[in-house]
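Here is what each chain is made of, one letter per residue.
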Amino acid sequence: MATRRDTLKIIGAIGSTCAFPFSANDLYGQQEHHHHPPASTPVQPARGPYNPKFFTTREFETVSRIADLIIPPTDTPGAVAAGVPEYIDYVVSNNRQHEKPMRQGIKWLHHQARKRHHKRFVELAEEQQIELLAPLSDAVDRNEMKTECQRFFRTIKSMTADGYYTSPIGLVQELGYKGNTVLASFPECDHPEHQ
Amino acid sequence: MSKQVYDVLIVGSGAAGGTLAAHLAAKGVDVGVIEGGPKIDTRTAFNTHSMPFDFPNRHIPTMRPGVSGFESERSRGLGGKTMTWNAVAWRLSHRDFKGRSIDGAGEDWPIDYSDLAPYYDQIEREVGVCGNLDHLEDLPDGIFLPPVPMKCSDMIVRRGARKLGVKVIHVRKATRSIASPLRPACHFCGNCMAGCDVVAKYNSYDVHMLPALKTGHLDLFPNSVVREVMVSSENRATGVRYVNRETRAEGEVRGRSVVVACACVQSVALLMMSKSQRYPTGLANSSGELGRNFIPHFTGGVEVFLKDLMAQPTTDDEGFLDHAYVPSFMHTRKRDFARSFGVQFGYQNRRSVGWARSMPGFGKAYKQSVKDRYPAFLVFSPYGEMLPNKQSFIDLDLNKLDAYGLPMARRHVAWGENDRKIFREMTRWSRDILEAAGAEFQNVDNEPATNHELGGCRMGIDSRTSVVNADCRTHDVPNLYVVDGSVFPSASEKNPTHTIMALAARVADYIVETLRKGEM
C-alpha cells in the first residue's frame, strides 16, 4: 500500500505546487489504472441490488459484512449503508494489485469459519466473526504485518475508513462536517478557556 | 500568430510573469506573455465547492470534468500556481537578505530589505494582503487589510506556545478580508487551494493581467509551451520557440528582450534546453552555476489531536485554511546552526480524514474514537531554510521526454549538516509547543520533505558565481532576464511568493528605465 512517504515522493516527482505537504490524499481510490476514463457522475448510495464489478456475489457479501463490523451502525448508519462495499469494489476493480490479496484474504476467512464453526463467515454469529478478526486487528495495531491475512485486514480496514469518512453519511452525518458554506465573517474564538 | 516584435516577451504567467506584465503594460511597454497552459476561468474551472463524495474515487481533482489545465509543470494555465496557492504573503527581512554576513553560512543577496521595501508596498496595495501589525524585527510589517480572526485551535496552540516564550501571530495572506470595488471579501468556503471562484484570493490572471489587457499593451499567448529562448549571433535574446499544447505545431514569438519566469525548476530547464555553440551547457551559463544552488524549503510535520477539542462539537472552521503562524524565533536564540525556521499550521481541511485508518481496533469503539478526534485534528508544519550544497541541483533528464517532446527537469536534493540540525530542532520545538498546548500525537515526520522550490539561477554581483545580477538580468546576455524563485541566493524560511512579486515589480521599473535610456 502507498505510505504517505510514497505519496510525497510522487509529489516530488511532479513538483510541489504549493505549501501543502499534508494535502496528499493517499486514498485507495486514487491508485487507479484505468482502461477507461473514470466516470464523473456523483456516487449514488446503494439502492436496489448492486452488481459487483470485481467480487463474486458471495465475496461481496463477505466484504460487506467485514466493512460493517469495522464501522457498524450506531446512532448513525454504518459502512454498508454508506456504500463502502461498493467503494471497495470500485477500488479493487480499478487496481489489479489488490485483486489477489483481497480474494485470498476472503478465502482465508472462509477457511477459518469452516474449520472452527462449519459455517460460512457471513453465517456466523457476530461474536464469532469478531473473534476471527480481532487477532488480525491487534496485529495491525502493533504494526505487525507478517502474514497475508494481517495485510488483508489492514487493507480492508483502510479502504473501509476511506470509503466511509468520505461519504455523506460518514463525513457529514457521523463526523458533523460543517464547512463548504458561505460565511459573512469568520466566527472568532471566544472560549475563555482557549485564551 | 502575431508577427509583431514585443518590447518585452515574458515566458510564464504566474506570480512573477503576471505581475511583471501588468507593471510594464501600465507604463506603455508592449508585452507578450507566453504560457504553456490554457486560459483558465477561476470562476468555473476548478472544483472549489466539491466534496469527496462527488467523485467515485473520492478524490477531488483540480479541474472540473471536461476542463483542461494543470496537466504538467509546463502547461498549467494562465495564472500559473497563483490559481491554487495558499496565498501566504510575508516580507523577507534584513536577516533573510544578509544571512551570510550575519551567520557566516550560505549566501547574501546583492540587494537588501530597503531595496525591496517600496515594491512590497506596491504589491500589498495591488493584491490586498490581510494581516496584523506585529512589530517583529524579523518579519517586517506592511500595508495590511484587517487580519482574519484566529480559530479555536489557533488560540489553543498560542496558549501552549506562550508558555515557552514563543509568539503566534495572525497569518498574512493575499486574500481580501474586506471587499474592494473589484473583488469580494473571502467567504470562508474552505477550499482556497482548489482555486478561489470569487477571486477573493489573489491570482495573477484576474488581478494583474486581466486589467492590464485593457491598456492595449499586453498580448497573451496561452497553450504555447516554450522549448527554447533564441539568441542572435550578437549575443542578444530575440524571442522564443514554442510547441502548441493542443496541435504540437511549432511557432515563434519575437521580443526585444526576454524574461524567463516559469517557476524555478522550469526556468532552469528552459535555459538548459536553449543550448547553442556559445552556450553549450545552457543559455546564460558561462559561470557553470545554472541549476546549482537549488535550495527548496524543507518541511517537517507533526499531526496531533488537541485535547481541548476532543469530543467537542465540530465547528465550521476550514474557511481561509490557516489563520495563524509561528514566526521565526530561533534566530535570536543560542543555537548551533545557521538560519532558522517558522511554522505554518492548521491548514488541513476537514474533507479528508486519512488518519482514521490508523486509529486502533474496529467496531463501535473505533467509530467513536474517530468521531471524538475529528474536531481536534491539527497539522503543524515547520518550514526550514536550506543552505546550498554541491549535491543539490537541477538538471535535465535527456532520456525522459514529456508530452511535448521536451526533456524532463530533474531535482537532486541532499541534506547538509546544517539542514539536519534545523530539521531536528524544528521538530523538537513543534513537539514541545504542541505538548504545552495539550496534544495527543498522531504522527511525527522523521525525514524532511521539500516544498517551495528556490534557487538554480542565483542572483549575485560576481558573474563567476551567479547567473543573474541584482536586477535579475543575466550576466551573459544583456537583454535576458530571469524573474522567479530561481534567483533567490538564500531561501529564508518564509513563503516566497510575495518576494517574487516584489522582485517582478522592481524589474519592471528597471526595464522601463532601460528602455527610456534607449539601452535596449
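This report concerns the structure included in the present document. All of these numbers come straight from a predicted model, not from anything done at the bench.

### With respect to the overall build of chain B
Link 1 in the chain: Along its length, chain B carries 10 helices and 19 strands.
Link 2 in the chain: In terms of overall dimensions, chain B is globule-like: its C-alpha atoms have a radius of gyration of 23 Å, near the 24 Å expected for 520 residues.
Link 3 in the chain: C-alpha atoms of chain B, sized along the principal axes, occupy 75 × 50 × 50 Å.
Link 4 in the chain: Buried residues in chain B amount to 67% of all 520 residues.
Link 5 in the chain: If you take every contact in chain B between residues at least 6 apart in sequence, the share linking residues at least 24 apart comes to 72%.
Link 6 in the chain: Counting every atom, chain B has about 17,500 Å² of accessible surface; 50% of that belongs to carbon and sulfur.

### Describing the overall build of chain A
Link 1 in the chain: When helices and strands are tallied, chain A shows 7 helices and 0 strands.
Link 2 in the chain: Each helix and strand of chain A, placed in order from N terminus to C terminus, yields the pattern α-α-α-α-α-α-α.
Link 3 in the chain: Counting every position in chain A, which comprises 195 residues, the buried fraction comes to 48%.
Link 4 in the chain: Across chain A, the fraction of contacts at a sequence separation of at least 24, relative to all contacts at a separation of at least 6, is 64%.
Link 5 in the chain: Approximately 9,900 Å² of chain A is accessible, and the part contributed by carbon and sulfur atoms is 54%.

### Topic: the pattern of salt bridges
Link 1 in the chain: This model, assessed by the stated rule, comprises 50 salt bridges over all chains.
Link 2 in the chain: Here Glu59 of chain A ties to Arg103 of chain A by a salt bridge, and the two come within 2.8 Å at their closest N and O atoms. Highlighted residues: Glu59 of chain A in helix 2 (residues 57-70) and Arg103 of chain A in helix 4 (residues 99-117), separated in sequence by 44 residues.
Link 3 in the chain: Between Glu453 of chain B and Arg411 of chain B there is a salt bridge whose closest N-O contact spans 2.5 Å. Taken as a pair, Glu453 of chain B in the loop between strand 18 (449-451) and strand 19 (480-482) and Arg411 of chain B in strand 16 (residues 407-412) lie far apart in primary sequence, 42 residues in all.
Link 4 in the chain: When its relative accessible area of 15% is taken as the criterion, Glu453 of chain B is described as buried.
Link 5 in the chain: Members of the salt-bridge network, linked through shared partners, are Arg95, Asp96, Asp138, Glu493 and Lys494 of chain B.

### Topic: unusual backbone geometry
Residues and elements named next belong to chain B.
Link 1 in the chain: Backbone geometry places Arg58, a non-glycine residue, at a positive phi of 65°.
Link 2 in the chain: Tracing the chain through its elements places Arg58 in the loop between strand 2 (31-34) and helix 2 (94-97).
Link 3 in the chain: The exposure class assigned to Arg58 is buried, which follows from its relative accessible area of 5%.
Link 4 in the chain: Positive phi, close to 55°, is recorded for His135, a residue that is not glycine.
Link 5 in the chain: Of note, His135 is situated in the loop between strand 3 (129-130) and strand 4 (144-145).
Link 6 in the chain: What makes His135 exposed here is its relative accessible area of 67%.

### So, the interface of chain B and chain A
Link 1 in the chain: With 80 residues of chain B at the interface, the matching set in chain A holds 74 residues.
Link 2 in the chain: Carbon and sulfur atoms supply 59% of the area that chain B and chain A bury against each other, a total of about 6,200 Å² over both sides.
Link 3 in the chain: Across the contact surface, chain B and chain A share 1 salt bridge.
Link 4 in the chain: One salt bridge in this structure joins Arg357 of chain B and Asp162 of chain A, with 2.7 Å as the shortest N-O distance.
Link 5 in the chain: At the junction of chain B with chain A, the criterion picks out 22 residue pairs in polar contact (both at pLDDT 80 or more).
Link 6 in the chain: Looking at the side of chain B that touches chain A, the elements that each hand over two or more residues are helix 5 (152-163), strand 11 (302-306), helix 8 (364-373), strand 14 (377-384) and strand 18 of chain B.
Link 7 in the chain: With 6 residues, helix 5 of chain B is the largest single contributor of residues to the side of chain B that touches chain A.

### A word on the pairing of strand 15 (residues 393-401) of chain B
Residues and elements named next belong to chain B.
Link 1 in the chain: Of the pairings in the sheet, the one linking strand 15 to strand 16 comprises 6 bridges and is antiparallel in character. The partner of Asp395 across the bridge, within strand 16, is Arg410.
Link 2 in the chain: Counted along the chain from strand 15 to the antiparallel partner strand 16, the turn is 5 residues long, and its residue Gly405 has a positive phi close to 80°.

### Section: the side chain of Arg183 of chain B
Residues and elements named next belong to chain B.
Link 1 in the chain: If you trace the backbone, Arg183 turns up in the loop between strand 5 (169-170) and helix 6 (204-213).
Link 2 in the chain: Buried charged residue Arg183 carries no salt bridge. Nearest counter-charge: Asp206, at 8.5 Å.
Link 3 in the chain: A polar contact of 2.9 Å, which involves the side chain of Arg183, links it to the backbone oxygen of Ala200.
Link 4 in the chain: Leave out the neighbours within four places in its chain, and Arg183 touches Glu126, Val127, Ala174, Arg176, Val199, Ala200, Lys201, Tyr202 and Val207.

### Considerations on helix 8 of chain B
Residue and element names in this part refer to chain B.
Link 1 in the chain: Burial in helix 8 covers these residues: Tyr366, Lys367, Ser369, Val370 and Arg373. Seen from one end, helix 8 has its buried residues packed into an arc of 160°, which puts them on one side. Seen from the buried face of helix 8, the exposed residues on the opposite side, beyond 90 degrees, are Lys364 and Ala365.

### Looking at the environment of His331 of chain B
Residue and element names in this part refer to chain B.
Link 1 in the chain: Mapped onto the fold, His331 is located in the loop between strand 12 (324-326) and strand 13 (341-345).
Link 2 in the chain: The class for His331 is buried, based on a relative accessible area of 16%.
Link 3 in the chain: On a C-alpha basis, the gap between His331 and Ser490 in space is 15 Å, while along the polypeptide they are 159 residues apart.
Link 4 in the chain: In this structure, His331 is in contact with Arg95, Glu137, Asp138 and Ser340, ignoring residues within four places of it in sequence.
Link 5 in the chain: Within the structure, the side chain of His331 is placed 2.6 Å from the side chain of Ser328, a separation counted as a polar contact.

### Some points on the environment of Arg506 of chain B
All names here are of chain B.
Link 1 in the chain: Mapped onto the elements of the fold, Arg506 is located in helix 10 (residues 497-517).
Link 2 in the chain: Here Arg506 falls in the buried class, since its relative accessible area comes to 15%.
Link 3 in the chain: Residues Arg506 and Gly28, 478 residues apart in the sequence, show an inter-C-alpha distance of 16 Å.
Link 4 in the chain: If we skip the residues at most four places from it in the chain, Arg506 touches Ile111, Asp115, Leu116, Tyr119, Ala470 and Asp471.

### Comments concerning the packing of helix 4 (residues 113-127) of chain B against helix 10 of chain B
Residues and elements named next belong to chain B.
Link 1 in the chain: Remark: helix 4 packs on helix 10, axes separated minimally by 8 Å, with the N-to-C direction vectors making an angle of 105°. Judged by the angle between their axes, helix 4 and helix 10 are roughly perpendicular. Residues Asp115, Leu116, Tyr119, Tyr120, Gln122, Ile123, Glu124 and Val127 of helix 4 lie in contact with helix 10, whose contacting residues are His498, Thr499, Met501, Ala502, Leu503, Ala505, Arg506 and Asp509.
Link 2 in the chain: Broken down by class, the residue content of the contact of helix 4 with helix 10 amounts to 9 nonpolar, 3 polar and 4 charged.

Parameters and conventions
Residues numbered from 1 in each chain as written. Chains lettered and ligands numbered in written order. Predicted model: local features only at pLDDT ≥ 70, side-chain atom pairs only at ≥ 80, totals over all residues. Heavy atoms only, no water. Helix = DSSP H or I, 4+ residues; strand = E, 2+ residues; numbered from the N terminus. Rg over C-alpha atoms; globule rule 2.2 N^0.38 Å. Buried < 20%, exposed > 50% of the residue type's maximum accessible area, 1.4 Å probe, protein only. Contact = heavy atoms within 4.5 Å. Areas by Shrake-Rupley, 256 points an atom, 1.4 Å probe, with all protein chains shown as cover. Salt bridge = Lys/Arg side-chain N within 4 Å of Asp/Glu carboxyl O. Buried area = accessible area lost by both parts, 1.4 Å probe. Polar contact = N/O pair within 3.5 Å; in protein donor to acceptor, adjacent residues only side chain to side chain. Pairing = 2+ DSSP bridges. Lys, Arg positive; Asp, Glu negative; His and termini not counted. Arc of directions from axis to C-beta. Axes fitted to C-alpha atoms, helices over the stretch in contact; angles between N-to-C directions. Parallel < 35°, antiparallel > 145°, perpendicular 65-115°, else oblique. Nonpolar A, V, L, I, M, F, W, Y, C, P; charged D, E, K, R; others polar.

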